[in-house]
Amino acid sequence: MRVPFLDLGASYRELKEQLDCAYHRVMESGWYVFGKELESFEEEFAAYCGAPYCVGVANGLEALTLLLKAYGIGPGDEVIVPSNTYIATWLAVSHAGAAVVPVEPDWSTYNLDAHRLEAALSSRTRAVLPVHLYGLPADMDPILAFARKNGLAVIEDAAQAHGARYKGRRVGSLSDATAFSFYPSKNLGAFGDGGAVVTRDPKIAQRVRVLGNYGSSRKYENEVIGHNSRLDTLQAAFLREKLRVLDEWNARRARIHERYCLGLRDLPRLTLPAVPEWAQPCHHLFVIRHPERDRLQRHLHARGIGTLIHYPVPPHLSEAYGFGRWQKGDFPVAEEIARTALSLPLNPHMTDDDIEAVVEAVRSYGG
Ligand SMILES: *Cc1c(COP(=O)(O)O)cnc(C)c1O
């Protein structure tokens, strides 16, 4: 590949000195689980998000699952989720023992369409779980108003939205509780797995802490049936270094987004990502849509441009959620996005030549 979709080694190479230093700091400290380094990261990431509490956990799926459990959501309950998301959003609800109620996204933002929430409400609904897909915040005000009116919790899946803003406010400070992933390819990525819960509710923060530590706040006293779900001290030390450059790297992403939009705006069959005026995305992915997506992808690969599809199978059509409960046609918006979406390379380490090569390769497809 002349322009790979992503080269994770590039982020190590750019920050090698700081990361190697963090590695030695942790290795020599003798503390490998919990400890000062994790506490400092939790404080720094909470402050970055504009929320009082952050609790590190094992990964993004765990952040969502523990949050749902912290709200007491479980068997017999329903949680409203987007029909088009990475399947982990749904898995968290299932792991908590509750039922997913999918709602179709808005055509232009690909995020949860608040107009469709009312129809999904039942006497069992306990929470809404919006996802800020591709780094674009969901339209939170109508979602929050709907939740308030109906006494529901709002739990955000911000696995793709580190640093994104909604009406000027940072994701992580918009609702009661937000889940982040630090999977290596995310905007704030670790060098292994990691995740965190960010909240303004001290009780929820404490419950997630207890749930992630075997259900125990004091050694050998177990209050609930917990998980072992911790953010490694070493990953926390790496994340502290990467948090320092997150805004700068997000700004590089924004510039690439702009260059792509300028270079591709006149192609009639191509749908570019829309950015509503209230959103400041963090540009996790640059997702275009094209009626001949598969042919366009082959065309780009033949020209050395790496692309991916986020995501080729909507959760309701996966084998995991099949069971005959849903079938093709049940969520046509999610299915059409799965059929036509294509992610172009967008990462902080692309050169101007890389960006030009991608634009030219897409243009050479002809429409
Ligand atoms: C990555 C991702 C997750 C899961 O995070 P992990 O850390 O891989 O468990 C959940 N939701 C969305 C939208 C994601 O992109």
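Residues numbered from 1 in each chain as written. Predicted model: local features only at pLDDT ≥ 70, side-chain atom pairs only at ≥ 80, totals over all residues. Heavy atoms only, no water.

**Student:** When you look at the overall build of the protein in this model, what are you seeing that I'm missing?
**Tutor:** A count of helices and strands for the protein gives 12 helices and 14 strands. The C-alpha atoms of the protein give 20 Å as radius of gyration, which agrees with the globular expectation for 367 residues (21 Å, within 12%). When the 367 residues of the protein are sorted by exposure, 58% land in the buried category. Long-range pairs, those at least 24 residues apart, make up 69% of the contacts in the protein between residues at least 6 apart in sequence. A total of about 15900 Å² of accessible surface is found on the protein, and carbon and sulfur atoms cover 51% of it. (Helix = DSSP H or I, 4+ residues; strand = E, 2+ residues; numbered from the N terminus. Rg over C-alpha atoms; globule rule 2.2 N^0.38 Å. Buried < 20%, exposed > 50% of the residue type's maximum accessible area, 1.4 Å probe, protein only. Contact = heavy atoms within 4.5 Å. Areas by Shrake-Rupley, 256 points an atom, 1.4 Å probe, with all protein chains shown as cover.)

**Student:** Help me understand helix 12 (residues 352-363) in this model?
**Tutor:** Residues that lie three or four places apart on an α-helix share one face, since the helix turns once every 3.6 residues. Compared with the 16 Å implied by 1.5 Å per residue over 12 residues, the 17 Å span of helix 12 between its first and last C-alpha is a close match. For helix 12, the elements touching its buried residues are helix 9 (233-264), helix 10 (293-302) and strand 14 (341-344). (Expected span 1.5 Å × (residues − 1).)

**Student:** Is there a simple way to think about the sheet that holds strand 7 (residues 169-170) in this case?
**Tutor:** In any sheet, the strands associate via hydrogen bonds between backbone groups, in a parallel or an antiparallel arrangement. The sheet built from 3 strands is open, its strands ordered 7-6-12 with antiparallel pairing. The sheet terminates laterally at strand 7 and strand 12 (279-280), the two strands that pair on one side only. Sheet topology note: the strand 6 (residues 165-166)/strand 12 ladder contains 2 bridges and is antiparallel. By the bridge assignment, Tyr166 is partnered in strand 12 with Ala279. (Pairing = 2+ DSSP bridges.)

**Student:** It is not clear to me how the side chain of Asp113 should be interpreted in this structure. Could you clarify?
**Tutor:** Secondary-structure assignment places Asp113 in the loop between strand 3 (99-103) and helix 6 (117-120). The buried category is assigned to Asp113, whose relative accessible area is 12%. Apart from residues lying up to four places away in sequence, Asp113 is in contact with Val103, Glu104, Pro105 and Asp106.

**Student:** What should I look at first to understand the packing of helix 9 against helix 12 in this one?
**Tutor:** Where helix 9 contacts helix 12, the axes come no closer than 10 Å and their chain directions differ by 30°. In terms of orientation, helix 9 lies roughly parallel with respect to helix 12. The way helix 9 lies across helix 12 gives a crossing that is right-handed. Contacts between helix 9 and helix 12 involve Arg255, Ile256, Arg259, Tyr260, Gly263 and Leu264 from the former and Asp352, Ile355, Glu356, Val358, Val359, Val362 and Arg363 from the latter. Of the residues assigned to the contact of helix 9 with helix 12, the class counts are 7 nonpolar, 1 polar and 5 charged. (Axes fitted to C-alpha atoms, helices over the stretch in contact; angles between N-to-C directions. Parallel < 35°, antiparallel > 145°, perpendicular 65-115°, else oblique. Left-handed = near helix turned anticlockwise from the far one by under 90°. Nonpolar A, V, L, I, M, F, W, Y, C, P; charged D, E, K, R; others polar.)

**Student:** Where do I start with the pattern of salt bridges in this structure?
**Tutor:** Pairing is possible between side chains that carry opposite charge, provided their charged atoms lie close to one another. Summed over the entire model, instances satisfying the criterion amount to 25 salt bridges. The partner of Arg252 in a salt bridge is Glu248, with the nearest N and O atoms 2.8 Å apart. In this pair, Arg252 and Glu248 are both assigned in helix 9, 4 residues apart and thus about one turn of the helix distant. On the basis of relative accessibility, which here comes to 24%, the residue Arg252 falls in the partly exposed class. Because the salt bridges share partners, they merge into one network encompassing Arg25, Glu37, Glu44, Arg240, Glu241 and Arg244. (Salt bridge = Lys/Arg side-chain N within 4 Å of Asp/Glu carboxyl O.)

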